Amino acid sequence: MAEVVKQAQVLSLIIQKLTKEFNCKVYSDEVKEDFRKPCFFIAATSVMKPMTVAWMQKELTVGITFYPKDQDKNELVYMDTIDRVQALFQVGIQLKERNLKIESIEDDRVGEEQDILQVRITIPYLEQVTGDRNHGSDLIEEVDMETIHDGGRNHQEIFPDVIAKE
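Scope of this entry: the structure provided in the associated data block. (Residues numbered from 1 in each chain as written. Predicted model: local features only at pLDDT ≥ 70, side-chain atom pairs only at ≥ 80, totals over all residues. Heavy atoms only, no water.)

## A word on the overall build of the chain
Here is step 1: Secondary structure assignment for the chain yields two helices and nine strands.
Here is step 2: The C-alpha radius of gyration computed for the chain amounts to 24 Å, which surpasses the reference 15 Å derived for 166 residues by more than 25%, pointing to a less compact arrangement than a globule.
Here is step 3: Expressed along its principal axes, the backbone C-alpha trace of the chain runs to roughly 75 × 40 × 30 Å.
Here is step 4: For the chain, the residues scored as buried account for 30% of the 166 residues in total. (Helix = DSSP H or I, 4+ residues; strand = E, 2+ residues; numbered from the N terminus. Rg over C-alpha atoms; globule rule 2.2 N^0.38 Å. Buried < 20%, exposed > 50% of the residue type's maximum accessible area, 1.4 Å probe, protein only.)

Given below as structure tokens:
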């Protein structure tokens, strides 16, 4: 079974990569004033959707906000920053033996002067359920099934079968 993905580990890895690439501070906490530019802020949201009793679909969306130096608020700096972020994560994120595929990297500009760059990285992945799968309910042991086929001969053929629990 593949190792469980810890979202904090994914964020830590992204922070390490941004810090190394841009050589500036990456804040993972809320700082409203007196932060040194250039810098990044990072935050994440996640979604979990149960798929089966054994698997769940997860999606981690990482929001990265870039504040350039005041003298660097220009299109060239923004495009260079986007290119470098995309290059950092173009083949996904390697977290121990798991390689998490990046579904998308989207960017936008916000703020009164459109001078703050926001980048969203969407990371979908599957994970095995690790907790109690039964939850007090019984699973179906056997399902009776009929496949009805009209092979183009104007009559139906019926193929009965049974699907048994593995």
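## Overview of the sheet that holds strand 7 (residues 116-128)
Here is step 1: Taken together, the five strands give an open sheet; going across it, the order is 1-2-3-7-6, and neighbouring strands pair in mixed fashion. Either end of the sheet is taken by a strand with one partner, and the two such strands are strand 1 (25-27) and strand 6 (104-110). With direction set aside, neighbouring strand axes in the sheet form an average angle of 25 degrees.
Here is step 2: Note that strand 1 and strand 2 (residues 39-50) share three bridges and pair parallel. (Pairing = 2+ DSSP bridges. Axes fitted to C-alpha atoms, helices over the stretch in contact; angles between N-to-C directions.)

## What about helix 2 (residues 75-88)?
Here is step 1: Taking 1.5 Å as the rise per residue, helix 2 with 14 residues should run 20 Å; its terminal C-alpha atoms sit 20 Å apart, in good agreement.
Here is step 2: Looking at the packing, one finds that the buried side of helix 2 touches helix 1 (7-22), strand 2, strand 3 (55-67), strand 6 and strand 7.
Here is step 3: The N-cap of helix 2, judged by a side-chain oxygen 3.0 Å from the amide nitrogen of leucine 76 a few residues on, is asparagine 74. (Expected span 1.5 Å × (residues − 1). Contact = heavy atoms within 4.5 Å. Polar contact = N/O pair within 3.5 Å; in protein donor to acceptor, adjacent residues only side chain to side chain.)

## With respect to helix 1
Here is step 1: For helix 1, built from 16 residues, the straight-helix expectation of 22 Å at 1.5 Å per residue is met to within 8% by its first-to-last C-alpha distance of 22 Å.
Here is step 2: For helix 1, the set of buried residues is Val10, Leu13, Ile14, Ile15, Leu18 and Phe22.
Here is step 3: Positive phi appears at asparagine 23, one or two residues downstream of helix 1, with a value of about 50 degrees.

## Focus on the nonpolar core
Burial of nonpolar side chains together is a common tendency in soluble globular proteins.
Here is step 1: Counting residues in hydrophobic clusters, the biggest one holds 29 residues, and the most contacted among them are Val10, Ile14, Leu18, Ile64, Ile93, Ile121 and Ile123.
Here is step 2: Every element with two or more residues in this core is listed here: helix 1, strand 2, strand 3, helix 2, strand 4 (93-95) and strand 7.
Here is step 3: A total of six residues in this core trace back to one element, the largest contributor, which is helix 1.
Here is step 4: Those residues in contact with isoleucine 14 that sit more than four places away from it in its chain are Ile42, Val62, Ile64, Phe89 and Ile93. (Core = buried A, V, L, I, M, F, W, Y, C linked by side-chain atoms within 4.5 Å.)

## A few points about the packing of aromatic side chains
We describe a pair of aromatic rings using the distance from one ring centre to the other and the angle between the two ring planes.
Here is step 1: The final tally for this structure, using the stated rule, is seven aromatic pairs.
Here is step 2: Ring geometry for tyrosine 27 and phenylalanine 35: centres 6.4 Å apart, planes at 70 degrees, overall edge-to-face.
Here is step 3: An angle of 20 degrees between the planes, with centres 4.8 Å apart, marks the rings of tyrosine 27 and phenylalanine 41 as stacked. Of this pair, tyrosine 27 sits in strand 1 while phenylalanine 41 sits in strand 2, and the two are 14 residues apart along the sequence.
Here is step 4: Ring pairs connect the aromatic residues Tyr27, Phe35, Phe41 and Tyr67, which therefore count as one cluster.
Here is step 5: Residue placement shows lysine 25 over the ring face of tyrosine 27; its charged tip is 5.3 Å from the ring centre. (Phe/Tyr/Trp six-rings, centres within 6.5 Å; stacked < 30°, edge-to-face > 60°. Lys NZ or Arg CZ within 6 Å of the ring centre and 35° of its normal.)

## Re the pattern of salt bridges
Here is step 1: On inspection of all chains with the given rule, the structure shows nine salt bridges.
Here is step 2: Arginine 109 is paired through a salt bridge with glutamate 75; the nearest N and O atoms lie 3.0 Å apart. Of this pair, arginine 109 sits in strand 6 while glutamate 75 is found in helix 2, placing the two residues 34 residues apart along the sequence.
Here is step 3: Put simply, glutamate 106 and arginine 120 hold a salt bridge, and the shortest N to O gap is 3.7 Å. Taken together, the residues span a long stretch of sequence, with glutamate 106 in strand 6 and arginine 120 in strand 7 at a distance of 14 residues.
Here is step 4: For arginine 120, a relative accessible area of 30% puts it in the partly exposed group.
Here is step 5: Here the salt bridges share partners, and the residues they tie into one network are Lys37, Asp70, Lys73 and Asp115. (Salt bridge = Lys/Arg side-chain N within 4 Å of Asp/Glu carboxyl O.)

Distances and angles like these do not, on their own, reveal function.
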